[in-house]
Structure formats: C-alpha cells, structure tokens
Amino acid sequence: MSTVYNIDLNKTKTLLAGPWVGEFGWEIICWQGYIRSIASKYKKVIVMSRTGNNFLYQDFADEFIEYNPPEGTISIREHCEGITHDDLKNIIKNISYDVWIPPHNIGFFGSSRPFGDEFKSQQFITFKSDSLNEKYDIIIHPRKRKFDAYRNWDGEKWQNLVNMLYEKYSIAVIGNDESYALNNVKDCRNLPLSDVVSLLNRCKLLVNPISGPAHLATLCSTTQLAWAANAEKFRCMGSWNPLQAPIYYIVSDNYDPDINIIYNEIIKILNGNNKI
C-alpha cells in the first residue's frame, strides 16, 4: 500500500481518499472536486468523511465510509488539530486499497501563494436535490460557532433582522446546533445535506457570514448575500466560486456589518435593484 500525490493511472487499482477531517468549507472547495477529477482513473473509489457528507461524493464514489474526528478536536483548514499522519494511517489500517490519498491542503488562503495544479484541476458539479417539497424566500445561516467565534454575528441582531423581514418574506434557518434558534422562521437546522441542498436550490437568497454553508451555496448556484473581511473577498468572489454563483459581498473586517446595511441589501437584491 502506498501514499501518493502523483496519481497512479492504473485502472485496476482501488483508490482510498481521506478521511477528510478538516473544515467543511475546505472540503467543499479544496477536496471533493479534486477527488472527483481523478476518480475515473481508478477501478474503485472509496471516500472517507464525516457522517452525512456522502452526498458530496455520490456521483462518483463506489463506497463511502463514515469517519468523525474525536469530540473536542479543533477542526482547522486542511487537517484536524491533534490528528497526525500516523493517526490517519491507523484509522484506515483495516481498509483494503491500493493507493491512498490522505487529506492535504490543495488551496491556499493568502493571495501571495499561488494555487497549484491539484486545485486548478478540480471538477465541480452543481449540487441539486429535490428531497424536500419546501420553498422559502430567504435562507439564513446564523452562525454561533466557538471555533473562530469572532466571525459570528450577534444573535439579537439576527433576530432583529428577521423581525424586519418575516411579514413580507418566508425565512428558514439552516446549520446545526451551532446556529442560533430564532423566532418567526422555519427551523431547518440539523437536516441531512441533501435537504439543505434542496432548500438552497429553491430559495431566492441565502444570507450569512462567509462559512461552510456559503461555500456549499456557491456549488448550488444559489444567490447569496455574504460578509467577511476584505482579505477574504478575492477567494470568495473568485477562486472559491468556481461555478460563478451570484454573490453580493459586504466587506466587514470585524464581521459585524450594520443591520440596516444588510436589510437594505436584501431588499434591493430581492427587488432586482442591486448589481454584483
């Protein structure tokens, strides 16, 4: 068994990719598209990732194996803190494969560091699902994660924004328990990924700070209003938006845009009076 980054083209071999143990957004933009791009070179493709993420690979993976990092492990961009290369080798030791590609960073954050061939060679598809027969005007992701908590918008502000909108628009909340529970919305947290994609396919607008669901939305071709620091704009509007989904971007270096700015942008977008 071997670890490689230069892909073996032998169609008789089984590829094992993963386990992906990094951030969900990086899996979306800097991993699953890469594995898709090389999948046809192998007789069989086995993918390992978190429970529920099989949806990302179902168009090409022959087998999906669930692996969830230990509770309390801090997830970072390309790996999980506390999970070493030896740990990864122990996780996969009972799996039969010929070629193993462990998780590694194929997309850099800083604009001064060029994207390599692995990143550029990725194959992305538009994610679609009709698993839910539900439709909402606005989907929001009111992030309240402990990890990178500075990126969270205050829960009271989220509720105030909803209160300004709900009489005119139908609104649903996505995410998990690390998203705020709000009044006057449909609670769609903790849904399977196929259901989240179904909601994103049908909504008119996603509103959120840049986070995992924002990157998922770009591969659903969902129109979104997003905010983050200016340093992130180049990737979110460019290299991390491979299908060129419509993104309206608010620069907020402290991740705390004024509620009236967000509200006014939402109204302009939904009324067709805004431009990207």
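Located above this text is the structure these notes cover.
The text that follows walks through the structure, step by step, so that each part is easy to find.

Calculation criteria
Residues numbered from 1 in each chain as written. Predicted model: local features only at pLDDT ≥ 70, side-chain atom pairs only at ≥ 80, totals over all residues. Heavy atoms only, no water. Core = buried A, V, L, I, M, F, W, Y, C linked by side-chain atoms within 4.5 Å. Buried < 20%, exposed > 50% of the residue type's maximum accessible area, 1.4 Å probe, protein only. Helix = DSSP H or I, 4+ residues; strand = E, 2+ residues; numbered from the N terminus. Contact = heavy atoms within 4.5 Å. Pairing = 2+ DSSP bridges. Right-handed = clockwise from strand over helix to strand, strands pointing away. Phe/Tyr/Trp six-rings, centres within 6.5 Å; stacked < 30°, edge-to-face > 60°. Lys NZ or Arg CZ within 6 Å of the ring centre and 35° of its normal. Axes fitted to C-alpha atoms, helices over the stretch in contact; angles between N-to-C directions. Left-handed = near helix turned anticlockwise from the far one by under 90°. Expected span 1.5 Å × (residues − 1).

## Remarks on the nonpolar core
Core analysis: the biggest nonpolar cluster contains 42 residues, and I35 and L216 have the highest contact counts within it. Those elements that place two or more of their residues in this core are β2 (14-17), α1 (24-30), α2 (32-39), β3 (44-49), β5 (99-101), α6 (193-202) and α7 (212-218). The element contributing the most residues to this core is α6, with five residues. Once residues within four sequence positions are removed from consideration, L216 is found in contact with F24, I28, L56, F127, L193, V196, V197 and L200.

## Some words on the side chain of N208
Looking at where N208 falls in the secondary structure, it is placed in strand β9 (residues 205-209). You can call N208 buried: its relative accessible area is 0%. Dropping the residues within four chain positions of it, N208 is found in contact with H141, W158, P213, A214, Q224, L225, A226 and W227.

## What to know about the pairing of strand β11 (residues 247-251)
With respect to burial, β11 is a largely interior element, four of its five residues being buried. The pairing of strand β10 (residues 224-228) with β11 spans five bridges and is classified as parallel. Residue W227 lies in a different strand from β11, and its bridge partner there is I250. Following the backbone out of β10, through helix α8 (residues 233-239) and into the adjacent parallel β11, one traces a crossover that is right-handed.

## Brief notes about unusual backbone geometry
Of the consecutive residues G18 and P19, the connecting peptide bond is found in the cis state with omega at 5 degrees. Topologically, P19 is positioned in the loop between β2 and α1. Although it is not a glycine, N184 sits at a positive phi angle of roughly 65 degrees. For N184, the position within the fold is in the loop between β7 (171-173) and β8 (186-187).

## Quick word on the packing of aromatic side chains
One pass over the full model with this rule turns up ten aromatic pairs. Judged by centre distance (5.9 Å) and plane angle (75 degrees), the rings of Y57 and F60 are edge-to-face. The interplanar angle of 65 degrees and the centroid separation of 5.4 Å between the aromatic rings of W153 and W227 together place this pair among those described as edge-to-face. Remark: W227 occurs in strand β10 and W153 occurs in the loop between β6 (138-140) and α5 (155-165); sequence separation between them is 74 residues. The class of W153 is buried, set by a relative accessible area of 1%. A residue is classified by how much of its surface remains accessible, and W227, at 0% relative accessible area, is buried. Cation over ring: R235 sits above W240, and NZ or CZ is 4.2 Å from the ring centre.

## Some details on the sheet that holds β11
The strand order across the open sheet built from six strands is β8-β7-β6-β9-β10-β11, with neighbouring strands paired in parallel fashion. Each edge of the open sheet carries a strand with a single partner, namely β8 and β11. Note: β6 against β9, three bridges, orientation parallel. Across the sheet, the residue bridging to I138 is L205, located in β9.

## What to know about the packing of α5 against helix α9 (residues 259-270)
Relative to each other, α5 and α9 sit at 35 degrees, their axes nearing to 10 Å. In this structure, α5 crosses over α9, and the sense of that crossing is right-handed. Judged by residue contacts, K157, N160, L161, M164 and L165 of α5 engage I259, N260, I262, Y263, I266 and I267 from α9.

## Focus on α9
The terminal C-alpha atoms of α9, which comprises twelve residues, lie 17 Å apart, in line with the 16 Å expected from a rise of 1.5 Å per residue. For α9, the complete set of buried residues consists of I259, I262, E265, I266, I267 and I269. In the core, the buried residues of α9 are packed alongside β6, α5, β9, β10 and β11. Within two residues after α9, G272 carries a phi angle of roughly 75 degrees, on the positive side.

Spatial relationships are all this shows, so hold off on functional conclusions.
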